Amino acid sequence: RNKRDDTSSSSVARIAGTWVVHAVSDLGLEIYGTDGLEYGSFADAYYRLGMWAGVGVGTTEVNLNLIARHYLDLPRQ
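Note that this is a predicted model, so its numbers are computed, not measured.

1. Concerning the overall build of the protein chain
Counting secondary structure elements, the protein chain contains three helices and zero strands. Of the contacts formed within the protein chain by residues at least 6 apart in sequence, a portion of 57% connects residues at least 24 apart. In the structure as shown, the protein chain presents an accessible area of about 5,600 Å², 58% of it carried by carbon and sulfur atoms.

This is how it looks when you write it as structure tokens:
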């Protein structure tokens, strides 16, 4: 394995993790409705986590660009 493979795999994992957090957040809000936004509730916690999940591990767009370059050999834009 080389460093390029590790970077690409990390980017895929970061994107997948971000999408999972957003999916759980959406589901929690759908199940609990507006009551889910009460501070400290399960849905509120995941909603807040979802707001920064795409930024905290590197923006989703940057990770998608890394994936496009490393796996698809697309040019950098």
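2. Focus on a nonpolar patch on the surface
Taken together, the side chains of V12, Y71, L72 and L74 define a hydrophobic patch exposed on the protein surface, amounting to about 390 Å² of accessible area. Its place among the elements puts L74 in the segment after helix 3 (60–72).

3. Here's the deal with the environment of A16
With respect to the helices and strands, the residue A16 is situated in helix 1 (residues 3–32). For A16, a relative accessible area of 36% puts it in the partly exposed group. Separated by 44 residues in sequence, A16 and T60 place their C-alpha atoms 9.9 Å apart.

4. Quick look at helix 3
Counted at 1.5 Å a residue, the expected span for helix 3 with its 13 residues is 18 Å, and the 17 Å between its end C-alpha atoms agrees. Taken residue by residue, helix 3 has T60, N63, L66, I67, A68 and H70 as its buried positions. Backbone geometry just downstream of helix 3 places D73 in the positive-phi region, at approximately 55°.

5. Observations regarding the pattern of salt bridges
This structure, assessed with the given rule, holds one salt bridge. In this structure, R48 engages D44 in a salt bridge whose closest nitrogen and oxygen atoms are separated by 3.0 Å. Of this pair, R48 and D44 are both found in helix 2 (residues 42–56), four residues apart, which corresponds to roughly one turn of the helix. Judged by its relative accessible area of 39%, R48 is partly exposed.

Thresholds applied
Residues numbered from 1 in each chain as written. Predicted model: local features only at pLDDT ≥ 70, side-chain atom pairs only at ≥ 80, totals over all residues. Heavy atoms only, no water. Helix = DSSP H or I, 4+ residues; strand = E, 2+ residues; numbered from the N terminus. Contact = heavy atoms within 4.5 Å. Areas by Shrake-Rupley, 256 points an atom, 1.4 Å probe, with all protein chains shown as cover. Patch = residues over 30% accessible without salt bridge, like charges linked within 9 Å, V, L, I, M, F, W, Y side chains within 5 Å. Salt bridge = Lys/Arg side-chain N within 4 Å of Asp/Glu carboxyl O. Buried < 20%, exposed > 50% of the residue type's maximum accessible area, 1.4 Å probe, protein only. Expected span 1.5 Å × (residues − 1).

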